[in-house]
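What follows is each chain in one-letter form.
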Amino acid sequence: MEKKYRLLIVNPGSPSTKISVFENETSVFEESRFHDAPVLLQYPHVNDQVPFRYEVILDMLKEGGIDPASIDVVV
């Protein structure tokens, strides 16, 4: 029996954050959030957005019924 790996794929785009969750090669969840410009402009540098984006990703996973502890790999 093949082991199932759960992968979280993150695409932190300019005005949005997109995630996909796969079990091996099968997509099991996809979500995208658009961010208003004034929200992103609060952060002087892109790297300063990390805590904000992290919370957005956790919220999307929670709403999708995905336990972050079940993720094996983040890309």
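Quick summary incoming for the structure in this document. These numbers were taken from a predicted model, which means no experiment stands behind them.

### Things to note about the overall build of the protein
Working step 1: Along the backbone of the protein there are two helices and four strands.
Working step 2: By its C-alpha atoms, the protein is 50 × 20 × 20 Å across when sized along the principal axes.
Working step 3: Within the protein, the fraction of its 75 residues that count as buried is 25%.
Working step 4: Intrachain contacts of the protein at a sequence separation of at least 6 include 42% that bridge at least 24 residues.
Working step 5: Entry remark: accessible area of the protein is about 5,300 Å², with carbon and sulfur atoms responsible for 56%.
Working step 6: Taken as two groups, the 7 positive and 12 negative side-chain charges of the protein have centres that lie 2 Å from each other.

### Looking at helix H2 (residues 50-63)
Working step 1: An ideal rise of 1.5 Å per residue puts 20 Å on 14 residues; H2 measures up with 20 Å between its terminal C-alpha atoms.
Working step 2: Residues of H2 that are buried: Arg53, Val56, Ile57, Met60 and Leu61. Seen end-on, H2 carries its buried residues on one side only, within an arc spanning 135°. Among the exposed residues of H2, those pointing more than 90 degrees away from its buried face are Pro51, Tyr54, Lys62 and Glu63.
Working step 3: For H2, the secondary structure elements touched by its buried residues are strand E1 (6-12), strand E2 (16-23), strand E3 (26-34) and helix H1 (37-40).
Working step 4: Of the residues flanking the end of H2, it is Gly65, one or two places downstream, whose phi is positive at about 75°.

### Focus: the pairing of E3
Working step 1: As paired strands, E2 and E3 are joined by eight bridges and run antiparallel to one another. Looking across to E3, one finds that Ile19 is bridged to Glu31.
Working step 2: Here E2 folds back onto E3 in antiparallel fashion, the turn holding two residues, of which Asn24 has a positive phi close to 55°.

### Notes on the environment of Arg53
Working step 1: Structurally, Arg53 can be placed in helix H2.
Working step 2: Using a relative accessible area of 8% as the deciding quantity, one classes Arg53 as buried.
Working step 3: Excluding its chain neighbours within four sequence positions, the residues that come into contact with Arg53 are Pro12, Gly13, Ser14, Ser16, Thr17, His35 and Leu40.
Working step 4: Within the structure, the side chain of Arg53 is placed 2.9 Å from the side chain of Thr17, a separation counted as a polar contact.

Rules behind the numbers
- Along each chain, residue indices are assigned from 1 in the same order as the chain's sequence is written.
- Whole-chain, interface and lining totals are the exception, using all residues; otherwise, since this is a predicted model, local features are given only for residues with pLDDT of at least 70 and side-chain atom pairs are given and counted only at 80 or more.
- Note: side-chain values were computed over all heavy atoms of the structure, leaving out hydrogens and water.
- Every helix listed is a DSSP run of H or I at least four residues long, and every strand listed is a run of E at least two residues long, numbered separately from the N terminus.
- Each residue gets one of three labels from its accessible area relative to the maximum for its type: buried under 20%, exposed over 50%, partly exposed in between, using a 1.4 Å probe on protein chains only.
- Any two residues whose heavy atoms approach within 4.5 Å are treated as being in contact.
- The accessible surface values rely on the Shrake-Rupley method and a 1.4 Å probe; as for residues, cover is taken only from the protein chains in view.
- Only four residue types enter the charge count, namely Lys and Arg as positive and Asp and Glu as negative; His and the chain termini do not.
- For this purpose, a charge sits on NZ of Lys, CZ of Arg, CG of Asp or CD of Glu.
- Expected helix span is computed as 1.5 Å times (number of residues minus one).
- Each C-beta atom gives one direction from the helix axis, and the arc is the one those directions make.
- Strand pairing follows a simple DSSP-based rule, namely that at least 2 bridges must link the two strands.
- Nitrogen and oxygen atoms within 3.5 Å of one another constitute a polar contact, given that in protein one can donate a hydrogen and the other can accept it, and given that sequence-neighbouring residues count only through two side-chain atoms.

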